Amino acid sequence: RQDFIAYELKVSPNNTHFEFYRDVFKVWVQRELGHEPLKKLVFITPGQGAERLRKQLGQEVIQLAAKHGLIVEIAPI
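Below, the structure is looked at part by part.

## Some words on helix H2 (residues 47–55)
- Among all positions in H2, only Gly49, Ala50 and Leu53 are buried. Projected down its long axis, H2 shows its buried positions confined to an angular sector of 100°, all on one face. Away from the buried face of H2 by more than 90 degrees, exposed residues Gln48 and Lys55 are located.
- On its buried face, H2 sits against helix H1 (16–33), strand E2 (40–45), helix H3 (57–67) and strand E3 (71–76).

## Some words on the sheet that holds E2
- With parallel pairing, three strands are arranged side by side in an open sheet as E1-E2-E3. Pairing within the sheet leaves two strands with one partner each, and these edge strands are strand E1 (5–9) and E3. Ignoring which end each strand starts from, the neighbouring axes of this sheet average 15° apart.
- Here E1 runs beside E2; their pairing, made up of five bridges, is parallel. Looking at the pairing, Ala6 lines up with Leu41 of E2.
- Together, E1, E2 and E3 form the strand contacts of H1, whose direction differs from that of E2 by roughly 160°.
- Against the sheet, H2 contacts E2 and E3, and its axis sits at roughly 140° relative to E3.

## Points about the pattern of salt bridges
- Within this structure, the stated rule accounts for five salt bridges.
- A salt bridge links Glu8 to Lys26, with the shortest nitrogen-to-oxygen separation between them at 3.9 Å. Placement of Glu8 in strand E1 and of Lys26 in helix H1 is noted, with a sequence separation of 18 residues between them.
- Note that Glu73 is salt-bridged to Lys40, the shortest N-O span being 3.0 Å. Of this pair, Glu73 sits in strand E3 while Lys40 sits in strand E2, and the two are 33 residues apart along the sequence.
- Relative accessible area serves as the criterion here: at 22%, Lys40 is assigned to the partly exposed category.
- In this structure, a network of salt bridges that share partners links the residues Glu8, Asp23 and Lys26.

Analysis parameters
Residues numbered from 1 in each chain as written. Predicted model: local features only at pLDDT ≥ 70, side-chain atom pairs only at ≥ 80, totals over all residues. Heavy atoms only, no water. Buried < 20%, exposed > 50% of the residue type's maximum accessible area, 1.4 Å probe, protein only. Helix = DSSP H or I, 4+ residues; strand = E, 2+ residues; numbered from the N terminus. Arc of directions from axis to C-beta. Contact = heavy atoms within 4.5 Å. Pairing = 2+ DSSP bridges. Axes fitted to C-alpha atoms, helices over the stretch in contact; angles between N-to-C directions. Salt bridge = Lys/Arg side-chain N within 4 Å of Asp/Glu carboxyl O.

This is how it looks when you write it as structure tokens:
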């Protein structure tokens, strides 16, 4: 069974938001071009960066992606 989930790991706490938006864009492009029917992105990052993303524009990006059938999850480490 294939779940079509992309995992991205951001180890450094620096510039988490840049990496997050870039990774969302990459997954979205892969879906649109038809190369991979990705259904979900799990963005793994240090806790402080994850918390900031959930409070800022990242939450809006998650909601927008969901409207288009892409689940985006921010997972703290």
